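As a plain string of letters, each chain reads:
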Amino acid sequence: MGFRAVRAIATKELADVLSEKVYWLAFLLELMIVLGVILLGIAFAAIMNPAEVASNSPNMQVTVGLLDLSNSSSNGLVLGCLREENIRLLTARSFGGLREEVQKGTLMGGIVLPQGYDEGGTGRLEVGLVVDESKLYASVIRAKVEAAIGRANAEVSERRLGMLGLGNVTSFPVAESFIGKSAVPVGSADFVEAMYLMVVPLILVFPILLSANMTADSIVGEKEMGTLGILVASPVSRLDIVVGKILPVMGLANLQFLAWLLLLENNALGSVRVFNKLPLLGLLNLGALSFVGAGLLISAWSRSSKESNLYLTLLIASSVFPVFVGLPRMGALASILEDLFLVRVIGSLCSAPGIRLPTFAPQLLLLFALALGILAACVRSISRLEPLPSG
Amino acid sequence: MRFELEAIAGDRRFALGLVLQVAIVALLVPLLIDYAEKLGSGGDVLATRADGFAPVAVWGRGNSSLEKALSEESRVRLDRVASEDEARKGLQSGRYCMILGVPPSPQQNVLVIVNRGDPRSISAWEAFHLICEAYRVTYRESLVRNALVGRLRNGSTAAIEDPAGQVELLLDSYLEPIDLRIMSPETARLPDGESTRAGNESASTNSQGAAAGPSNGFGGDADNPGDSGFLSLVFLAFGLCFPLFSGSGMMVESITCEKERRTLEAVLASPTSRIWILLGKCVSAFLVSAVQSLALLLILGGAAGVRNVPAVAFCLLVAGMAVLSSATLVSVLCKGSKEASLAITILYVLIFVLFFGPLMLPGRLAFISPLTPMVRFAAGEPAESATALVLLCTVLFSGLCVAVSLALFSRDDVVFGPRPSLRGLLTDVVSGRIRTFRSRAVLVCTMGALASLPAILFPSLFVLPSIAFLGRWGFVAAIVFAALVEEYFKPYGVYLLPTGLTSREVLVLGGIAGLSFSLIENLLFTLALLGSGALQGSLLLVRYLLAPMMHVGLTMIVVAGYSRGRYARYLALSAASSIHGLYNLAAALVVM
């Protein structure tokens, strides 16, 4: 392999890529998508776990109407618990008025203590919460009120159990201790699983897809411009051409990997710590090499850039769709694609502080073999290209 | 048109794209509908496979019920280790995220150590915590049940009918004495007998809730917030829009390919007028995509429970017109296929946001999307005034796009290049037509009103990265950026006018532009407040008084600088943007 030839081809390829305004705009679009995906992960966790949002924002004051129809002076526990949750209670005059205010949004919710509600009694108590589910804050209101009612429930239950002679009932004692400092901004399992098993792999796979797109334009672009004949006729080996075309694209992919890793760990939306960066980069490079090689292969086979883009879209759609959407009846196939598309491996690597690399040896070997096979096929397909365009 | 249709049908890529599209829609729509149903029933909606995500080491007593319960949690991978030391070593090395010591006796403490620095520990801890809670509840329940049975037996001399039933009734009043009943405002009702005391004005609505609610206690259950039926229809609409997107892609390719291959010259040299050539291409692409969309509607509509199929088809065609006409405009403007592919991607994103984003908004705000009438008709809802309005606006928008495309396609510089700038095009349009002061005022007024579009679009794109990188300061940066965009675009009408206007004329025209922009901005602000239900008279009064004065004054500063050379132009723009930014910042601080 000639170093000079590879360098010359790589420099020309890099200049071609960087001179395309489309790719610059694609990088910008990618940045917006990455930020959007991070925000989506946080929103997903918030939707799935409103109680976490409520507990993470103790200073958020919500205004709720109170309609007390109980006429009992012994009530106050629930109201006290509601105030402890930083819920501001405004007295409502009628049920109809309360519903109207909640519907209009001037009150974020309405609490109703019905006739017969008596915390001093022994019967079952019922508290009504009127909340408009179409409003964005509805889930947080529900979570705050549920937390307050939960506390009141525990207190009333304790009091009544004492009357049964079952005071201070404890069961299943747990001695818990915690070490280390939290690595994520939201302490919810939904957030952690969505982030590490979906969002982070998705973000780190973007550069691979863009790189494959760049190489898909590469050889077919030369065909369309009529420069492929000159390249093939020049005294460079086919391997030099393949390496020269792949190197700059891989370099740009690595810059993107580093940028997105940096962004994931340092952003004001919700920073997430990524572990095992070096093994992760190695793995991503193997994945990128496979897809970039596939892009080059498609480019060599295609007759026009449109055709090559279509085949690449087909390849990406058929690989990404089952992995991220998770088709129910495609368990085995989706599992293989997951390993090929690195989703599970990326998720495991970036979420674990300590990881034993031999665990991932089969996947690494599989990817390495795939990358080598694709590159060999690329060299072979370029060897079959005619030195000069026919006619 | 026949030629275009034959070309599309004969293209191998069209056949391949069609197969791909049918496959994606056939797979995606049922999957999304299934997803919507899961969401509605509160099922697991995450597509990630978290199996064995959180490794936990356990030592101590074997075969405990806790260990069994934890091993049934799919997200937890349980490893039994020989000793506490081994488990602690695994925790330190990061092999395990949580370790668990099960004592020989259930009365002794279960030892749990969680490594908070390991994100997976959150999943493991949550699973463990839920199991512990379930154990505690079961234990307390059994204690209380025994105590209540004993009490009933000891306290009553007569035979008790159904003692088990009585205990079950009493159990909740001891374990969970307060029941929280969540109701939606539309169907909420008080327990029987209280409606009259609590306010007669709600009697008519209450009767609706009474039919659905239980016989005693509160009525109008809102415990199931997910509306899976509605979401299914939204996902169906998503599937039906696929052919429209592919049709717009065909349209763009049809024009830009001819430009690249240099065959457009020959086509335009033919006796057919340019208008008919462009319309022929546009209508062909529309017909092909409309036929596909309607076929999909007939195939998938039944599965998704679509009610009013003809009305849905009509709305789909109207939405298709908007997509295709905007794609026509893009295809006429773009120079090559690479530029076109990027432009069409951005257009798809914009259309996607505009079509599907507002569908989730409450009330009439949802009618910002042209798909809202379609989804509402599909759900069996009747037409309302907003339906007609949004359909009319969509048709008008499509007509405007086609008219602008035709006007641009008839210009040689747009078709063959060098492509003129947007400002150059607009200047060409107004030059020669705008002679009187009144017509100039109309132009700056219109451009001032239209400036609200970039004033919304650009800051919206800027706000997310600025907050991501700068945190709270990013919000300040977004506010200042919004001021700069507004100050630049407000007097755009003045930039288009020929030079030679007097300073007084320029100032007055700038003031008109500022006032026009301010009126639209206030109108949008009022609509937003109305939509969110937080309309406050005092806030509106202050805004309606201050904002027009500020906009008029600052636009006059910008145009005054504009008419006095390049440096004065930049200086005036900077000064006006700074003052505007400070005003925005002060307003944001007051509101917060």
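Residues numbered from 1 in each chain as written. Chains lettered and ligands numbered in written order. Predicted model: local features only at pLDDT ≥ 70, side-chain atom pairs only at ≥ 80, totals over all residues.

1. Re the overall build of chain B
The test is simple: Per the convention used, a helix needs a DSSP run of H or I reaching at least four residues, while a strand needs a run of E reaching at least two, with both numbered from the N terminus. A residue is called partly exposed when the number of other C-beta atoms within 10 Å of its own lies between 12 and 20, exposed at 12 or fewer, and buried at 20 or more, with C-beta atoms placed from the backbone. Residue pairs qualify as contacts under a 7 Å threshold applied to their C-beta atoms, which are placed from the backbone.
Broken down by element type, chain B carries 24 helices and 5 strands. Residues classed as buried in chain B amount to 36% of the 592 residues present. Expressed as a percentage of contacts within chain B between residues at least 6 apart in sequence, the contacts between residues at least 24 apart total 68%.

2. A look at the overall build of chain A
The number of helices and strands found in chain A is 15 helices and 5 strands. Within the span of chain A, comprising 391 residues, buried residues form 42% of the whole. Contacts in chain A between residues at least 24 apart in sequence constitute 80% of all its contacts with a sequence separation of at least 6.

3. Points about helix α23 (residues 537-562) of chain B
To keep it simple, the criterion reads: A helix's residues, less one, multiplied by 1.5 Å, set its expected span.
A rise of 1.5 Å per residue sets the reference length of α23(B), with its 26 residues, at 38 Å; its end C-alpha atoms lie 37 Å apart and thus fit the reference within 8%. Residues H551(B), L554(B), T555(B), M556(B), I557(B), V558(B), V559(B) and G561(B) constitute the buried set of α23(B).

4. A look at the interface of chain B and chain A
We count it as follows: All residues other than Ala, Val, Leu, Ile, Met, Phe, Trp, Tyr, Cys, Pro, Asp, Glu, Lys and Arg, Gly among them, are scored as polar; the first ten of these are nonpolar and the last four charged.
Tallying the contact residues gives 78 residues for chain B and 88 residues for chain A. Listed by contribution, the elements that provide at least two residues to the side of chain B that touches chain A are α2 (12-40), β4 (110-115), α5 (120-155), α6 (163-175), β5 (178-183), α7 (195-198), α13 (337-356) and α19 (452-470) of chain B. Among the elements that take part in the side of chain B that touches chain A, α5(B) stands out by supplying 12 residues, more than any other. In terms of residue class, the side of chain B that touches chain A is made up of 44 nonpolar, 16 polar and 18 charged.

5. Digging into the sheet that holds strand β1 (residues 54-60) of chain B
What counts is decided by this rule: Pairing between strands is defined by DSSP: at least two bridges between the two strands are required. To define axes, lines are fitted to C-alpha atoms, for helices over the stretch in contact only, and angles between the resulting N-to-C directions are given on a 0 to 180 degree scale.
Overall, mixed pairing links the 5 strands, which are arranged β5(A)-β4(B)-β3(B)-β1(B)-β2(B) in an open sheet. If you trace the sheet from one side to the other, it starts and ends with β5 (174-179) of chain A together with β2 (76-80) of chain B, each paired once. In this sheet, adjacent strand axes meet at a mean angle of 20 degrees when their direction is disregarded. Looking at chain direction, β1(B) and β2(B) are connected through 5 bridges and run parallel. Its bridge partner being in β2(B), V58(B) is matched across the sheet by R80(B).

6. A word on the environment of T345(B)
All names here are of chain B. By the element assignment, T345 lies in helix α13. A count of 15 C-beta atoms within 10 Å places T345 in the partly exposed class. Along the backbone, T345 and G249 are 96 residues apart, and their C-alpha atoms lie at a distance of 9.4 Å.

7. Notes on the environment of A478(B)
All names here are of chain B. Here A478 lies in helix α20 (residues 472-489). The class of A478 is buried, set by 21 C-beta atoms lying within 10 Å. Sequence-distant contacts of A478, that is, excluding residues within four places in its chain, are made with P459, F462, V463 and S466.

8. Re the nonpolar core
So the rule is basically this: Think of a nonpolar core as buried Ala, Val, Leu, Ile, Met, Phe, Trp, Tyr and Cys residues chained together by C-beta atoms that fall within 7 Å.
Residues V200(A), V56(B), M98(B), I99(B) and A124(B) are the most contacted members of the largest nonpolar core, which totals 101 residues. For this core, the element with the highest residue contribution is helix α7 (residues 189-216) of chain A, accounting for 19 residues. Excluding residues within four positions of it along the chain, M98(B) makes contact with V56(B), V112(B), I113(B), V114(B), N115(B), S121(B), A124(B) and W125(B). Counting 56 residues, the second largest nonpolar core, distinct from the first, contains A319(B), M321(B), V375(B) and F409(B).

9. Some words on the sheet that holds strand β2 (residues 87-91) of chain A
Spatially, β2(A)-β1(A)-β3(A)-β4(A)-β5(B) is the arrangement adopted by the 5 strands of the open sheet, whose pairing is mixed. One side of each edge strand has no neighbouring strand; the edge strands of this open sheet are β2 of chain A together with β5 of chain B. Taking the axes of each pair of neighbouring strands and ignoring which way they run, one obtains an average angle of 30 degrees across the sheet. With 5 bridges joining them, strand β1 (residues 62-68) of chain A and strand β3 (residues 109-113) of chain A adopt parallel strand pairing. Looking at β3(A), one finds that L67(A) is bridged to V112(A). Taken strand by strand, helix α4 (residues 77-84) of chain A contacts β2, β3 and β4 (125-130) of chain A together with β5 of chain B, and its axis lies near 130 degrees from that of β2(A). Packed on one face of the sheet, helix α6 (residues 138-163) of chain A meets β1, β2, β3 and β4 of chain A together with β5 of chain B and runs near 165 degrees to β5(B).

10. Description of the confidence of the model for chain A
Operational definition: Known as pLDDT, the predictor's per-residue confidence is scaled from 0 to 100.
Scored by pLDDT, chain A has a mean of 80; 85% of the residues are at 70 or more. Looking at the elements of chain A, mean pLDDT is at its lowest for helix α13 (residues 331-340) of chain A, recorded as 58, and at its highest for helix α10 (residues 238-265) of chain A, recorded as 90.

11. Let's talk about unusual backbone geometry
Residues and elements named next belong to chain A. With phi around 65 degrees, N86 is a residue other than glycine that occupies positive phi space. With respect to the helices and strands, N86 occurs in the loop between α4 and β2. Taking the number of C-beta atoms within 10 Å as the measure of exposure, N86 has 15 and is therefore partly exposed. The phi dihedral of N276 is positive, around 50 degrees, even though this residue is not glycine.

12. Structural notes on the packing of helix α12 (residues 309-333) of chain B against α13(B)
All names here are of chain B. What counts is decided by this rule: Orientation categories follow fixed angle ranges, with anything under 35 degrees roughly parallel, anything over 145 roughly antiparallel, 65 to 115 roughly perpendicular, and all other angles oblique. A crossing counts as left-handed when the near helix is turned anticlockwise from the far one by less than a right angle, and as right-handed when that turn is clockwise.
Look at α12 against α13: their axes get within 10 Å of each other, and the N-to-C directions meet at 150 degrees. One finds that α12 runs roughly antiparallel with respect to α13. Helix-helix and strand crossings are classified by hand; for α12 and α13 the assignment is right-handed. Contact residues: V323, S326, A327, V330 and S331 in α12; A340, A343, I344, L347 and I351 in α13.

13. Regarding helix α15 (residues 361-383) of chain A
All names here are of chain A. Here α15 contains 23 residues, and its C-alpha end-to-end distance of 33 Å stays within 8% of the 33 Å for a straight helix at 1.5 Å per residue. Turning to α15, its buried residues are L367, A371, L375, C378 and I382. Turning to α15, the residues buried within the fold contact α10 and α11 (277-301).

14. Concerning the packing of helix α8 (residues 218-225) of chain A against α11(A)
All names here are of chain A. Axis separation between α8 and α11 bottoms out at 6 Å; the angle between their running directions is 25 degrees. One finds that α8 runs roughly parallel with respect to α11. Touching S218, I219 and V220 of α8 are L296, S299 and A300, all from α11. Counted by class, the contact of α8 with α11 contains 4 nonpolar, 2 polar and no charged residues.

15. Here we look at the pairing of β4(B)
For β4(B), the tally of buried residues reaches 5 of 6 residues, placing the bulk of the element in the interior. By the bridge criterion, 6 bridges tie β5(A) to β4(B) in an arrangement that is parallel. Bridge pairing in β4(B) links V174(A) to V110(B). Examined bridge by bridge, strand β3 (residues 98-102) of chain B and β4(B) share 4 bridges and lie antiparallel to one another. Note on β4(B): the bridge partner recorded for L100(B) is V112(B).

16. Re the environment of W276(B)
Structurally, W276(B) is set in helix α11 (residues 274-304). In the structure, W276(B) is positioned 130 residues away from L406(B) in sequence and 9.3 Å away in space, judged by C-alpha atoms.

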